[in-house]
Number of protein chains: 2
Amino acid sequence: MTFFIMEASSMSLYVNNQKLTQFVQKIFSSFGVTREDAVICADNLVLADLRGIPSHGVARLRRYVDGMSNGTILPHSKPIIVREAPSTATVDGQAGLGQIVGHFSTQLAIEKARKTGVGIVAVRNSNHYGIAGYYTQMMLDAGLLGISMTNTAPLVVPTFGRKMIIGTNPISMTAPTRRNKPFFLDMATSVIPRGKLEVYDRMGKDMPEGWAVDSKGQTATDATEVLRNMVARLGGGILPLGGEGELYGGYKGYGIALLVDILCGVLSGGAYADLVDIKGPGGAGQPALVAHFFMALNIENFVEMEIFMEKMDDLIDRLKESAKAEGQNRIYIHGEKEYELYEQHRQTGVPLEENVHETLKAIAGERGVVFDL
Amino acid sequence: MTFFIMEASSMSLYVNNQKLTQFVQKIFSSFGVTREDAVICADNLVLADLRGIPSHGVARLRRYVDGMSNGTILPHSKPIIVREAPSTATVDGQAGLGQIVGHFSTQLAIEKARKTGVGIVAVRNSNHYGIAGYYTQMMLDAGLLGISMTNTAPLVVPTFGRKMIIGTNPISMTAPTRRNKPFFLDMATSVIPRGKLEVYDRMGKDMPEGWAVDSKGQTATDATEVLRNMVARLGGGILPLGGEGELYGGYKGYGIALLVDILCGVLSGGAYADLVDIKGPGGAGQPALVAHFFMALNIENFVEMEIFMEKMDDLIDRLKESAKAEGQNRIYIHGEKEYELYEQHRQTGVPLEENVHETLKAIAGERGVVFDL
């Protein structure tokens, strides 16, 4: 998600990001996750909150805790390389924490890119890896052009369908600049994230047509009913980017989602489509089989870094300085809003909704960790 | 463009594809293009017509003829490799025919993928290269997973803007299968192609809201006015996939278009955004500076080919066999419609609209080529 940022309501508490990171780290450590790995997991979640993407922040801690408790996520597992060449690799995540698998695979892609100009790593048998942008940030920090993709639980219906077969399959890409903030794309390939349905469900307000379909595959405006059908898998779900049918190019969003799934799930020899992240009987013991794809490019292999950054800055300037639509006063570049929120939240603390705060407190109690937030 | 296929009207003539290819080849040869290169250019255009994408077929021959006549396209130019490593290269197209530059660069990516598992080639200073799918078809024929992208003349306004800064920047990806037709994505990243505006202009009918904006950057339904403003560059243009503003994720389509432009225009050290394919004073002598990106992956570097194809077939089956929306009886995979039209047009001949036939006749006269279609 890029421009659509769900800022916290006025009911939020603001928590210092370092304190929050330390708390989350202790929760992971309570499962016997190594210190190094717990730091990665905590950084990953808190970075999402700092950037204003709370749907992928500490609000998801419950999900990881449950996964480690019920055996879906194996907290001591280490990813292994199953196939390798100088520029490519396939990694088996061994059902470990998605963040650890993602961090390992991104490091591998970075090393390969530094040696050969390009590093491509396809990953199978992993878990939910948080924001796709955590890994492209690593590649950006390494001075590389970075791409990160993952498949997800099936929440999206294909064009002309009414069953959720494909994931929200996000894509992130980063590219360095000199003067401007780096280009930082991090977006789901569905028209909306699941969180949007939940917002409309809570508000009890009609959704715009073109976001989701009902159990018959027709455009739906009742978020509560759509969510109920999605949970029970009775049909209906979120539409791909471009919406329903062909009129606004919904088949293109569907196509981009398949591109992601093929590079992640199929190329890694892993799971794809509605084989990903399905709850087993009672929700227990079923491996999530999430698959990822990472690509790092060493820019100097293609063009001088100075020229690349100069052109990036010029591209950004051309967009930002171009004429605005009537009623608008700013054209955004991808990542810009998140950079601003990041700076803001480092000052104010990370906003946590009341119910998230309560959940963290409950988790602390369960795991015997002091709750000091 | 994938599902939206503009089939020819009943006014069309049907022309044998081999005969058409030979004619187009002779036109290119009349500019001194080598026989081998003329075959590539003719194949590229006729393949688009065979697949039911006439907007990129022989209807564009006038554009290439004009380009070679006015010096925008240098028909004797040969692309050169300006930077190279075992898995990567940057190519300068030397203002040659986009098809020749694209063919050369794709061959290079294929050779690199065969040797190292991956071949990535960024290309600058080229011209319009026809359908992106021509190059992914080459990679598919070589048994590889293929990706092809290009930037284009600026026709698309960024989210909240009213000036055309970015291209329709298409993406194509192919992946092999055993039982089913291969996955064959070939789509512009804009909500519609320019050709759609022209269809509504000719019909004199209102367009749906969310396709294009007027000179003030507001949603427009008058295709004739939008086209007039676009030609005069008075403001307005086509919207990115996801439409106007943020409600339907227009910033995502805008982001994917930038991803394409960065991999093509910036990474190659070439032109991007509104620096691409701009008419010079009088339309003459201005290099188009189109940039491309090609990536070929050797599947066996990641997973056994047999497993890959089995999973591709299963992915396709899961989609095609899943429940249809009410009123629909078929779920399509990308490329399926085009494969069916291809088979059909090989039997019936390629449909040519009356005015396209007239244009080809006029070109034949100008170039001293016998017109036998």
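Residues numbered from 1 in each chain as written. Chains lettered and ligands numbered in written order. Predicted model: local features only at pLDDT ≥ 70, side-chain atom pairs only at ≥ 80, totals over all residues. Heavy atoms only, no water.

## A closer look at the overall build of chain A
Our working rule: Here a helix means four or more residues in a row that DSSP labels H or I, a strand means two or more in a row labelled E, and each is numbered from the N terminus. The reference for a compact globule is 2.2 Å times residues^0.38; the radius of gyration itself is calculated from the C-alpha atoms. Burial here depends on accessible area, computed with a 1.4 Å probe over protein chains only, as a share of the maximum for the residue type. Under 20% is buried, over 50% is exposed, and the range in between is partly exposed. Note on definitions: a residue-residue contact is assigned when non-hydrogen atoms from the two residues lie within 4.5 Å. Using a 1.4 Å probe, accessible areas were evaluated by the Shrake-Rupley method; residue-level cover was limited to the displayed protein chains. Only four residue types enter the tally: Lys and Arg on the positive side, Asp and Glu on the negative side; His and the chain ends are excluded. Where a charge lies is defined by one atom per residue type, namely NZ (Lys), CZ (Arg), CG (Asp) and CD (Glu).
In terms of regular secondary structure, chain A is built from 11 helices and 12 strands. The globule rule puts the C-alpha radius of gyration for 373 residues at 21 Å, and the 20 Å found for chain A is close to it. Per-residue burial over chain A gives 64% buried out of 373 residues. Sequence-distant contacts, at least 24 apart, represent 67% of the contacts inside chain A between residues at least 6 apart. When the accessible area of chain A is evaluated, it comes to approximately 13100 Å², of which 50% is carbon and sulfur surface. Each charge sign in chain A was given a centre, from 36 positive and 41 negative side chains, and these centres are 3 Å apart.

## Looking at the pattern of salt bridges
Using the following cut-off: The term salt bridge refers to a side-chain nitrogen of Lys or Arg lying within 4 Å of a carboxyl oxygen of Asp or Glu.
Counting across every chain of the model gives 34 salt bridges over all chains. A salt bridge links Arg-83 of chain B to Glu-304 of chain A; the nearest nitrogen and oxygen atoms lie 3.0 Å apart. Within this pair, whereas Arg-83 of chain B is found in strand S2 (residues 80–85), its partner Glu-304 of chain A is found in the loop between strand S11 (290–297) and helix H9 (305–320), the two belonging to separate chains. Since its relative accessible area comes to 24%, Arg-83 of chain B is described here as partly exposed. Judged by relative accessible area, Glu-304 of chain A falls into the partly exposed class, the value being 35%. Through salt bridges that share partners, Lys-320, Arg-330, Glu-336 and Glu-340 of chain A make up one connected network.

## Let's talk about the packing of helix H1 (residues 17–29) of chain B against helix H3 (residues 61–70) of chain B
Residue and element names in this part refer to chain B. For clarity, the cut-off: Axis definition: a line fitted to C-alpha atoms, limited for helices to the stretch in contact. Angles are taken between N-to-C directions and run from 0 to 180 degrees. We call two directions roughly parallel when the angle between them is under 35 degrees, roughly antiparallel when it is over 145, roughly perpendicular when it lies between 65 and 115, and oblique otherwise. Each helix crossing is assigned a hand: it is left-handed if the near helix lies turned anticlockwise from the far helix by less than a right angle, otherwise right-handed if that turn is clockwise. Charged means Asp, Glu, Lys or Arg here, nonpolar means Ala, Val, Leu, Ile, Met, Phe, Trp, Tyr, Cys or Pro, and polar covers whatever is left, Gly included.
Across the interface, H1 lies against H3 with an axial gap of 11 Å and an inter-helix angle of 15°. Taken together, H1 and H3 sit at an angle that is classed as roughly parallel. The hand of the H1/H3 crossing is right-handed. Taking contact as the criterion, the partners of Phe-23, Val-24, Ile-27 and Phe-28 in H1 are, on H3, Leu-61, Tyr-64, Val-65 and Met-68. Of the residues in the contact of H1 with H3, the class split is 8 nonpolar, no polar and no charged.

## A few points about the confidence of the model for chain A
All names here are of chain A. Keep this limit in mind: For every residue, the pLDDT score states the predictor's confidence, bounded by 0 at the bottom and 100 at the top.
Mean pLDDT over chain A stands at 94; residues scoring 70 or higher make up 96%. Every residue in residues 1–8 scores below 50 in pLDDT, and together they form 40 contacts with partners more than four places removed in sequence or on other chains. Scored as a complex, the prediction yields pTM 0.96 and ipTM 0.96.

## Topic: the domain arrangement of chain A
All names here are of chain A. The cut-off we apply is this: Note that the domain bounds were set by an automatic or database domain assignment. In this description, buried area is defined as the sum, over both parts, of the accessible area (probe of 1.4 Å) that is lost when the two are combined.
Per the domain assignment, the segments making up chain A are domain 1 (1–70 + 349–373) and domain 2 (78–191 + 239–334). A straight line from the C-alpha centre of domain 1 to that of domain 2 covers 23 Å. Taken together, the two surfaces of domain 1 and domain 2 that pack against each other cover about 1900 Å², and 59% of this comes from carbon and sulfur. Linking domain 1 with domain 2 are 2 salt bridges.

## Thoughts on the packing of helix H3 (residues 61–70) of chain A against helix H11 (residues 354–367) of chain A
Residues and elements named next belong to chain A. H11 packs onto H3 with a crossing angle of 25° between their chain directions and a minimal axis gap of 10 Å. By the angle class used here, H3 and H11 are roughly parallel. Both H3 and H11 take part in a crossing whose hand is left-handed. Where H3 approaches H11, its residues Leu-61, Arg-62 and Val-65 are matched on the opposing element by Thr-359, Leu-360, Ala-362, Ile-363 and Glu-366.

## Some thoughts on the sheet that holds strand S5 (residues 145–150) of chain A
Consider a sheet: its strands pair through backbone hydrogen bonds, and that pairing is either parallel or antiparallel. Residue and element names in this part refer to chain A. Note the following rule: Should DSSP find at least two bridges between two strands, the strands are taken to pair.
The mixed open sheet is built from 7 strands, whose spatial order is S2-S3-S4-S11-S5-S6-S7. The sheet is open, and its two edges are formed by strand S2 (80–85) and strand S7 (183–187), each paired on a single side. Strand-to-strand, the axes of this sheet are offset by a mean angle of 10°, without reference to chain direction. Summarising the sheet, S5 and strand S6 (residues 171–175) pair through 4 bridges and their orientation is antiparallel. Residue pairing in the sheet places Gly-146 in a bridge with Thr-174 of S6. Lying over the sheet, helix H4 (residues 98–116) contacts S2, strand S3 (88–92), strand S4 (118–126) and S11, oriented at roughly 160° with respect to S4.

## Here we look at the interface of chain B and chain A
Applicable threshold: Identification of polar contacts relies on pairs of N or O atoms within 3.5 Å, with a donor-acceptor requirement for protein atoms, meaning one able to donate a hydrogen and the other able to accept it, and with residues adjacent in sequence counted only if both atoms are side-chain atoms.
Facing 93 residues of chain B, the contacting portion of chain A comprises 93 residues. Summed over both sides, the interface between chain B and chain A buries roughly 8200 Å², with carbon and sulfur atoms accounting for 68% of that surface. A per-residue breakdown of the area chain B buries against chain A is headed by Phe-160, Lys-252 and Phe-302 of chain B, which together make up 10% of the total. Applying the counting rule to chain B against chain A returns 8 salt bridges. Our count for the contact surface shared by chain B and chain A stands at 43 residue pairs in polar contact (both at pLDDT 80 or more).

## Structural notes on the pairing of S2 of chain B
Strand residues, when the strand is regular, have side chains that alternate between the two faces of the sheet. Residues and elements named next belong to chain B. One ladder, built from 5 bridges, connects S2 with strand S3 (residues 88–92); its direction is antiparallel. Bridge assignment links Ile-80 to a residue of S3, and that residue is Asp-92. In this structure, the hairpin formed by S2 and S3 is closed by a connection of 2 residues.

## With respect to the nonpolar core
As a reminder of what qualifies: Take the buried Ala, Val, Leu, Ile, Met, Phe, Trp, Tyr and Cys residues and link them wherever side-chain atoms come within 4.5 Å; each set so joined is a nonpolar core.
Ranked by internal contacts, the top residues of the largest apolar core, which has 131 residues, are Phe-308 of chain A together with Phe-308 of chain B. Leave out the neighbours within four places in its chain, and Phe-308 of chain A touches Leu-145, Ala-175, Pro-176, Ile-299 and Val-303 of chain A together with Ile-262, Val-266 and Leu-267 of chain B. Formed by 53 residues, the second largest nonpolar core is a distinct cluster that contains Val-46, Ile-53, Val-58 and Val-65 of chain B.

## A word on the relation of the copies chain B and chain A
Note the threshold: Least squares is the method for superposing the copies, and the C-alpha atoms it fits come from residues with pLDDT of at least 70 in both.
The transform that puts chain B on chain A rotates by 180° and translates by 0.0 Å along the axis, for an RMSD of 0.0 Å. Interpreted geometrically, this transformation is the action of a two-fold axis. Nearest to the rotation axis, the C-alpha of Gly-242 of chain B is located 2.5 Å from it, this being the minimum over chain B. Same-surface contact between copies: 100% of interface residues of chain B are shared with the interface of chain A.

## Re the environment of Leu-267 of chain A
All names here are of chain A. Secondary-structure assignment places Leu-267 in the loop between helix H8 (250–266) and S11. Look at Leu-267 and you get buried, because its relative accessible area is 0%. Along the chain, Leu-267 and Val-15 lie 252 residues apart, while their C-alpha atoms are 41 Å from each other.

## Some details on unusual backbone geometry
Residues and elements named next belong to chain B. One non-glycine residue, Arg-233, lies in positive phi territory at about 50°. Inspection of the secondary structure assignment puts Arg-233 in the loop between helix H7 (223–231) and strand S10 (237–238). Residue classification places Arg-233 among the partly exposed residues on the basis of a relative accessible area of 43%. Even without a glycine there, the phi angle at Leu-289 is positive, about 55°.

## Let's talk about the sheet that holds strand S5 (residues 145–150) of chain B
All names here are of chain B. Spatial ordering of the open sheet is given by S2-S3-S4-S11-S5-S6-S7, a layout of 7 strands whose pairing is mixed. On the outer flanks of this sheet lie S2 and strand S7 (183–187), each paired with one strand and no other. Here the average twist between neighbouring strands, direction ignored, is 10°. Pairing analysis gives 5 bridges linking strand S6 (residues 171–175) to S7, with the strands arranged antiparallel.

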